[in-house]
Amino acid sequence: MANRKILLGLLIASVAVSGCVQGLRDPDPVLVNPAERNGTLDILQGETSVSADVRNRGYAGGVRMYLSVLDRNGTVLEEFDKSVSMDQNETRRITITANVSENARNYRLRVAPVG
């Protein structure tokens, strides 16, 4: 009985550690210029492109950039995203092109690993 508890404990620990190790192997994307996180779309309507430089500080893999389009009050009107594959330590300019509504005034960008 004690051996079963030890084996069960080892199994649980190994699953937990493997999950942590997998998390360490994910991409770790960041916006190179934090000022690019937010912007104004006051004069833009219809098809609009927003770009930002993204650096992957983690392992190679999928990186997703999210574009949230906001109205004057900061309410999210629409969200768009684009996924790319990035190598470890790669920096790349990512552009999202979206059809923006006439009520759009501002935007917010964020990046995250795919998945």
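Residues numbered from 1 in each chain as written. Predicted model: local features only at pLDDT ≥ 70, side-chain atom pairs only at ≥ 80, totals over all residues. Heavy atoms only, no water.

1. Things to note about the pattern of salt bridges
Proximity of charged atoms lets side chains of opposite charge pair with each other. Let me state the cut-off plainly: Whenever a carboxyl oxygen of Asp or Glu lies within 4 Å of a side-chain nitrogen of Lys or Arg, that contact is scored as a salt bridge. Think of it this way: any DSSP run of H or I at least four residues long counts as a helix, any run of E at least two long counts as a strand, and we number them from the N terminus. Only protein chains enter the accessibility calculation, which uses a 1.4 Å probe; a residue whose area is less than 20% of its type maximum is buried, one above 50% is exposed, and one in between is partly exposed.
Following the criterion strictly, the structure yields 5 salt bridges and no others. Between Arg93 and Glu36 there is a salt bridge whose closest N-O contact spans 3.3 Å. Of this pair, Arg93 sits in strand β6 (residues 91–100) while Glu36 sits in the loop between β1 (29–31) and β2 (38–40), and the two are 57 residues apart along the sequence. With a closest N to O distance of 3.2 Å, Arg93 and Asp53 form a salt bridge. On the criterion of sequence distance, the pair formed by Arg93 in strand β6 and Asp53 in strand β3 (residues 46–56) is long-range, its members being 40 residues apart. You can call Arg93 partly exposed: its relative accessible area is 46%. On the basis of relative accessibility, which here comes to 27%, the residue Asp53 falls in the partly exposed class. Several salt bridges share partner residues, and in doing so they unite Glu36, Asp53 and Arg93 into one network.

2. Points about the confidence of the model for the protein
Cut-off, in case you're wondering: Per-residue confidence from the predictor is reported as pLDDT, which spans 0 to 100. Contacts between residues were defined by any pair of non-hydrogen atoms, one from each residue, lying within 4.5 Å.
With 77% of its residues at a pLDDT of 70 or more, the protein shows a mean pLDDT of 85. The low-confidence segment residues 18–22 (pLDDT under 50) makes 0 contacts with residues lying over four places distant or belonging to another chain.

3. What about the sheet that holds strand β7 (residues 106–113)?
Operational definition: One bridge is not enough; two strands pair if DSSP finds at least two bridges between them. Between N-to-C directions, angles span 0 to 180 degrees; the directions come from axes that are lines fitted to C-alpha atoms, helices contributing only their stretch in contact.
Pairing within the open sheet is antiparallel, and its 4 strands lie in the order β2-β7-β4-β5. Both outer strands of the open sheet, β2 and β5 (76–86), are each paired with one neighbouring strand and no more. Geometrically, the sheet is characterised by an average inter-axis angle of 20° between neighbouring strands, direction not taken into account. Bridge analysis of strand β4 (residues 61–70) against β5 gives 10 bridges, and the strand direction is antiparallel. Pairing of Gly61 across the sheet is with Met86, part of β5.

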